[in-house]
Amino acid sequence: MEPAPIDFAAEGLLDGLDGEARAERLALLEQLTAEGVPMSELRRTTASGTVIFLPADRVIVGPERYTAAGGVRGAAAVDMEFLVAARRAMGLPIPEPGEPVYTEAELESARRVLIAREAGISDNEILELAARARPRPLPGAEALRALPLKLVLEPRHERT
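Please read all numbers here as calculations on a predicted model, not as lab measurements.

Conventions and cut-offs
- Residues numbered from 1 in each chain as written.
- Predicted model: local features only at pLDDT ≥ 70, side-chain atom pairs only at ≥ 80, totals over all residues.
- Heavy atoms only, no water.
- Core = buried A, V, L, I, M, F, W, Y, C linked by side-chain atoms within 4.5 Å.
- Buried < 20%, exposed > 50% of the residue type's maximum accessible area, 1.4 Å probe, protein only.
- Helix = DSSP H or I, 4+ residues; strand = E, 2+ residues; numbered from the N terminus.
- Contact = heavy atoms within 4.5 Å.
- Salt bridge = Lys/Arg side-chain N within 4 Å of Asp/Glu carboxyl O.

Visitor: How would you sum up the nonpolar core? Please name residues and give values.
Guide: One finds Val78, Phe82, Val113, Ile126 and Leu127 to be the most contacted residues of the largest nonpolar core, which totals 14 residues. Listing elements by their share of this core, those giving two or more residues are α5 (80–89), α6 (104–118) and α7 (123–132). Ranked by size, the runner-up nonpolar core spans 11 residues in total, among them Val37, Met39, Val51 and Leu54.

Encoded structure:
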């Protein structure tokens, strides 16, 4: 039995859109849902204005997403508190515990934390390095991933 279709308007994902813009957003949301993008990610990226970049993000970063408990901690045995602290230090959003948003790159980063710990680097030093890796506060990972695509889609002479 196929799941009931999602009412994206009732979910608030079409708010403020009319006509062609609404139809395009609806088609995008239906496509992303068919590809397995969870509702939590659709809500977060819609709220941040980056939902339009999700298809490209999934091509660039890859479609696989993991939860903190099942993916990142399982692959690297890094505790949840440290994962949250590291994401905060890097200026990344803190997802819900069961939300599948972590990528292969984040799994590899978690594995490197274990290597750093084995080399005698403390958690505080790792977090300090993470914070220093970004010279100013970041609006979030979605915006960082979206910027190169935005520059390609909206060349300088077309942007206002």
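Visitor: Give me the lowdown on the side chain of Arg87, citing residues and values where you can.
Guide: Among the structural elements, Arg87 can be located in helix α5. Ignoring anything within four residues of it in the chain, the contact list for Arg87 reads Leu92, Pro93, Ile94, Pro95, Tyr102 and Glu106.

Visitor: Give a description of the pattern of salt bridges that names residues and reports values.
Guide: Pairing between side chains of opposite charge can happen when their charged atoms approach one another. Inspection of the entire model under this criterion finds five salt bridges. A salt bridge links Glu35 to Arg58, with the nearest nitrogen and oxygen atoms 3.9 Å apart. Of the two residues, Glu35 is situated in the loop between α1 (19–34) and α2 (39–48) and Arg58 in helix α3 (residues 54–60); the sequence distance between them amounts to 23 residues. Judged by relative accessible area, Arg58 falls into the buried class, the value being 10%. Its salt-bridge partner being Asp123, residue Arg117 comes within 2.7 Å of it at the nearest N-O pair. A relative accessible area of 28% means that Asp123 is categorised as partly exposed. Residues joined by salt bridges that share partners form a network here, namely Glu108, Arg111 and Arg112.

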